[in-house]
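Descriptive structure summary
What follows is the residue order along each chain.
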Amino acid sequence: LGQILVAVAGPFLMGSVTLLSVTWFPECERTTATALAQLSNGMGATVAYLTPLWLVPSPEKMANMFYFDLALALVPAGLLCCYFPAKPVRFPSAAAAAHHEHLE
């Protein structure tokens, strides 16, 4: 069931990266912003695979890994909810402004 949910959510999360770059970055920076966002997805998976090596020295310490992964997910999500505005003050391109007008 977990793998099915991850597989269903994957296309939405991967596709949201391009929307983020169109909304927040000018045309000359979109490729870099999209590449860094996609790279961070892979780096997150790498961290998830490497944390058990040093967080779980024995089976009794298995909870440490889950708490660490929970903190890695909740801290950025909490900051995002508190400080991330819904739209930029000034749109970086005509495409971003047109997309925002289309959504309203």
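Residues numbered from 1 in each chain as written. Predicted model: local features only at pLDDT ≥ 70, side-chain atom pairs only at ≥ 80, totals over all residues. Heavy atoms only, no water.

Its place among the elements puts T23 in helix α1 (residues 2–24). Residue class for T23 comes out buried when judged on its relative accessible area of 14%. Within the structure, T23 has its side chain in polar contact with the backbone oxygen of L19 (distance 2.8 Å). Setting aside residues no more than four positions away along its own chain, T23 makes contact with P88, F91, P92 and A96. (Helix = DSSP H or I, 4+ residues; strand = E, 2+ residues; numbered from the N terminus. Buried < 20%, exposed > 50% of the residue type's maximum accessible area, 1.4 Å probe, protein only. Polar contact = N/O pair within 3.5 Å; in protein donor to acceptor, adjacent residues only side chain to side chain. Contact = heavy atoms within 4.5 Å.)

Reported here for the largest pocket is a volume of approximately 430 Å³. Surrounding the largest pocket, V6, A9, G10, L13, M14, S16, V17, L20, A37, Q38, S40 and N41 form its lining. Of all the secondary structure elements, the ones that give two or more residues to the lining of the largest pocket are α1 and α2 (30–55). Counting residues per element, the lining of the largest pocket draws most heavily on α1, which supplies 8 residues. Within the lining of the largest pocket, the residues separate by chemical class into 7 nonpolar, 5 polar and no charged. Considered as a void within the structure, the second largest pocket measures approximately 200 Å³ in volume. Along the wall of the second largest pocket there are 15 residues; nearest its centre are L19, L20, T23, W24 and A86. Contributions of two or more residues to the lining of the second largest pocket are made by α1 and α4 (94–103). A total of 5 residues in the lining of the second largest pocket trace back to one element, the largest contributor, which is α1. Its residues assigned to classes, the lining of the second largest pocket shows 10 nonpolar, 4 polar and 1 charged. (1 Å grid on protein atoms, 1.4 Å probe; cavity = no way out; pocket = protein on both sides within 12 Å on 5 of 7 lines; lining within 4 Å. Points joined across faces, edges and corners; volume = space filled by probe spheres on them. Nonpolar A, V, L, I, M, F, W, Y, C, P; charged D, E, K, R; others polar.)

Another aspect to go through is the packing of aromatic side chains. Applying the stated criterion to the full structure yields 2 aromatic pairs. Ring centres 5.1 Å apart and planes at 45 degrees place the aromatic pair W24 and F84 in the tilted group. In this pair, W24 is assigned in helix α1 and F84 in the loop between α3 (62–83) and α4, connecting sequence segments 60 residues apart. Here F84 falls in the partly exposed class, since its relative accessible area comes to 42%. (Phe/Tyr/Trp six-rings, centres within 6.5 Å; stacked < 30°, edge-to-face > 60°.)

This brings us to the side chain of T51. Positionally, T51 belongs in helix α2. Once you skip the residues sitting within four places of it in the chain, T51 turns out to touch V56, M65, F68 and D69.

The next thing to look at is the confidence of the model for the protein. Averaged over the protein, the pLDDT score is 85; the fraction of residues at 70 or greater is 98%. Per-element confidence in the protein is highest for α3, whose mean pLDDT is 89, and lowest for α4, whose mean pLDDT is 74. (pLDDT = per-residue confidence, 0-100.)

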